[in-house]
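A structural walkthrough
Letter by letter, the chains look like this.
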Amino acid sequence: MIKAKKSLGQNFLIDKNILEKITNIAKIENNTILEIGPGTGNLTSYILKKKPKKIYVIEKDNELTINLQKKFNNEITIINEDVLKIDETNLFKDKVTVFGNLPYNISTEILSKWIINLKDNFWFECLILMFQKEVADRIIAEFNTSNYGRLSIISNWKLKIKKVFDIKPEAFSPKPKVISSVLIFYPKKNFIKIDNPYNLEKVTRIFFNQRRKMLKKPFNQLFNGDQKVLNKLKIDLTLRPQNINLETYYNLVCEYEKLRS
Ligand code: SAM
């Protein structure tokens, strides 16, 4: 009997209907699949039923890795590593479809890492990921809402995101305290070119440092009050950070890069 480790965010999905529903979100047959954090292999078994071309899994827990090896033999390729330390961009021959019931304590870190490291040729077809609902709501938040912030801006830069469904705590063992949401992320064909994605992190960090205050102070800190940028992007400095739409943030980062080049 495997004891779930809280430190590794282990809540195993046990509801058969939900497991089936997740594997119906994207085409699996003949595609290469990457699963993040397979745990006891519940979702892995459902993925295998749909006949993927190949399936890779990344699992940090050594005990669970041994268990997965016994359970699946050569049916899956196990990478016994920390997903945060892996560079997925050159790991696979084919574009992969990613499934992940992510450990909630590092879910946003995993997503940010992927987005920041993305090259123009995407290494995945789509990402089907489970988050705690509160985090999913921040990822898909529209501007002018209280959930809108850095996570929404960074996530939506190169990815089109859709919510698929919510999952009740009862679907997991051990039962988490919160509701979960499944999101699907597709590569965008067109997105605003930013040379260094860390500038997107930096600019949004400075703007959202004090989310209730007017834009004047962070703007001056980054652009030294440059009126040309304000006019070009039609920004009203009496607004709050959440009142600026996604595109304007990406354009602001481009202007910031131009200023520094
Ligand atoms: N997918 C399984 C399921 O739905 O039943 C388990 C999901 S559980 C929420 C998260 C899984 O991610 C666990 O198996 C845990 O050991 C693994 N994990 C936690 N941190 C990890 C990391 N940094 N790298 C890779 N796997 C990790």
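Calculation criteria
Note on numbering: residues in each chain are counted from 1, in written sequence order. Confidence filtering applies because this is a predicted model: local features only for residues at pLDDT of at least 70, side-chain atom pairs given and counted only at 80 or more, and all residues used for totals across whole chains, interfaces and linings. The basis for every side-chain value is the complete set of non-hydrogen atoms in the structure, without hydrogens or water. Strands are runs of DSSP state E lasting at least two residues, helices are runs of H or I lasting at least four, and both sets are numbered from the N terminus onward. Atoms counted for the radius of gyration: C-alpha only. Globule rule: 2.2 Å times the number of residues to the power 0.38. Buried residues are those whose accessible area, probed at 1.4 Å on protein chains only, stays under 20% of the maximum for their type, while exposed residues exceed 50% and partly exposed ones sit between those limits. By definition, residues are in contact when any of their heavy atoms lie within 4.5 Å. Every accessible area reported is derived by Shrake-Rupley at a probe size of 1.4 Å, with residue values counting cover from the shown protein chains alone. Asp and Glu are treated as the negative residues and Lys and Arg as the positive ones, with His and the ends of the chain left uncounted. The atoms used to mark charge sites are NZ of Lys, CZ of Arg, CG of Asp and CD of Glu. The pairing criterion for strands is at least two bridges between them, as found by DSSP. The convention used is that axes are lines fitted to C-alpha atoms, helices contributing only their stretch in contact, and that angles between N-to-C directions extend from 0 to 180 degrees. Counted as salt bridges are all cases of a side-chain nitrogen of Lys or Arg within 4 Å of a carboxyl oxygen of Asp or Glu. For this description, a residue counts as near a given molecule or strand if any of its non-hydrogen atoms is within 4 Å of it. Two N or O atoms count as a polar contact when they lie within 3.5 Å, although within protein this holds only if one can serve as hydrogen donor and the other as acceptor, and sequence-adjacent residues are included solely when both atoms are side-chain atoms. A pocket here means an open set of points on a 1 Å grid, computed over the protein atoms alone, that has protein on both sides within 12 Å along at least five of seven lines. A cavity is instead a set of points where a 1.4 Å probe fits but cannot get out; residues with an atom within 4 Å of a point line either one. Occupancy of a cavity or pocket is assigned to a molecule whenever over half of its atoms lie within 2 Å of that pocket's grid points. Under the convention adopted here, Pro, Cys and the residues Ala, Val, Leu, Ile, Met, Phe, Trp and Tyr are nonpolar, Asp, Glu, Lys and Arg are charged, and Gly plus all remaining residues are polar. Grid points are joined across faces, edges and corners, and a volume is the space filled by probe spheres set on the points. To define a nonpolar core, start from buried Ala, Val, Leu, Ile, Met, Phe, Trp, Tyr and Cys residues and group those joined through side-chain atoms within 4.5 Å. The start and end points of each domain follow an automatic or database-based domain assignment. What counts as buried area is the accessible surface, traced by a 1.4 Å probe, that two parts surrender upon association, with contributions from both included.

**Some details on the overall build of the protein chain**
- Along its length, the protein chain carries ten helices and nine strands.
- Scaling as 2.2 N^0.38, a compact globule of 261 residues should have a C-alpha radius of gyration of about 18 Å, and the protein chain matches this with 20 Å.
- Taken over 261 residues, the protein chain has a buried fraction of 50%.
- In the protein chain, once contacts between residues fewer than 6 apart in sequence are set aside, the share between residues at least 24 apart is 68%.
- Put simply, the protein chain shows about 13800 Å² of open surface, and 48% of that area lies on carbon and sulfur atoms.
- Both charge centroids of the protein chain, one from 45 positive and one from 28 negative side chains, sit 3 Å from each other.

**Side note on the sheet that holds strand S7 (residues 159-167)**
- Taken together, seven strands build an open sheet; the order of strands is S4-S3-S2-S5-S6-S9-S7 and the sheet is mixed. Each end of this open sheet is capped by a strand with a single partner; those strands are strand S4 (77-79) and S7. Shown here is a sheet whose adjacent strand axes are inclined to one another by a mean of 20 degrees, direction ignored.
- Taken together, the eight bridges between S7 and strand S9 (residues 180-187) define a ladder with antiparallel strand orientation. Bridge pairing in S9 links Leu 159 to Pro 187.

**Some words on the pattern of salt bridges**
- A full pass over the atoms with the stated rule returns twelve salt bridges.
- Across the pair Lys 5 and Glu 63 runs a salt bridge whose closest N-O atoms are separated by 2.9 Å. With Lys 5 in the segment before strand S1 (12-13) and Glu 63 in helix H3 (residues 62-72), the pair connects residues that are 58 residues apart, well separated along the chain.
- Residue class for Lys 5 comes out partly exposed when judged on its relative accessible area of 27%.
- In this structure, Lys 53 engages Asp 94 in a salt bridge whose closest nitrogen and oxygen atoms are separated by 2.9 Å. Placement of the pair is Lys 53 in the loop between helix H2 (42-49) and strand S3 (54-58) and Asp 94 in the loop between S4 and strand S5 (96-101), with a sequence separation of 41 residues.
- Take Asp 94: its relative accessible area is 28%, and that puts it in the partly exposed class.
- Here the residues in one salt-bridge network are Lys 5, Asp 61 and Glu 63, joined through shared partners.

**Focus: the site of the ligand**
- The environment of the ligand is formed by 22 residues, the closest being Leu 13, Gly 37, Glu 59, Asp 82 and Asn 101.
- Between Gly 37 and the ligand, the recorded distance is 2.7 Å, taken from a backbone N or O atom to a nitrogen atom.
- In this structure, an oxygen atom belonging to the ligand sits 2.6 Å away from a side-chain N or O atom of Glu 59.
- Here the ligand is seated within the largest pocket.
- Residues that form the shell around the ligand fall into these classes: ten nonpolar, six polar and six charged.

**A short note on the layout of surface pockets**
- Considering only enclosed or pocket space, the largest pocket measures out at about 480 Å³ in volume.
- Leu 8, Gly 37, Glu 59, Asn 101 and Pro 103 are, among the 33 residues lining the largest pocket, the residues nearest its centre.
- Its residues assigned to classes, the lining of the largest pocket comprises 16 nonpolar, eleven polar and six charged.
- Quantified by volume, the second largest pocket comes out at close to 330 Å³.
- Grouping the amino acids of the lining of the second largest pocket by side-chain chemistry returns five nonpolar, five polar and three charged.

**As for empty space enclosed by the protein**
- If you walk through the whole model with that rule in mind, you get one cavity of 30 Å³ or more.
- Volume-wise, the largest cavity comes out at about 40 Å³.
- Together, Asp 87, Glu 88, Thr 89, Lys 113, Trp 114, Asn 117, Leu 118 and Trp 123 line the largest cavity.

**Digging into the nonpolar core**
- By size, the foremost hydrophobic cluster in this structure holds 59 residues, and its most contacted members are Val 98, Phe 131 and Phe 185.
- The element that contributes the greatest number of residues to this core is helix H10 (residues 246-260), accounting for six residues.
- The residues contacting Val 98, other than those within four sequence positions of it, are Leu 34, Ile 36, Trp 114, Trp 123, Phe 124, Cys 126, Leu 127, Ile 128 and Leu 129.
- One finds Ile 22, Leu 43, Val 57 and Ile 76 within the second-largest nonpolar core, a separate group that totals 28 residues.

**Examining helix H7 (residues 197-207)**
- Those residues of H7 that sit buried are Pro 197, Asn 199, Leu 200, Val 203, Thr 204, Ile 206 and Phe 207.
- At its buried positions, H7 is contacted by helix H4 (107-117), helix H6 (150-155), helix H8 (216-223) and H10.

**Regarding the domain arrangement of the protein chain**
- Splitting the protein chain by domain gives domain 1 (6-187) and domain 2 (197-260).
- Domain 1 and domain 2 are separated by 32 Å when their C-alpha centres are compared.
- Listed as interface residues are 14 residues of domain 1 and, on the opposing side, 16 residues of domain 2.
- For the domain 1 and domain 2 pair, buried surface summed over both sides reaches about 1400 Å², with 66% attributable to carbon and sulfur atoms.

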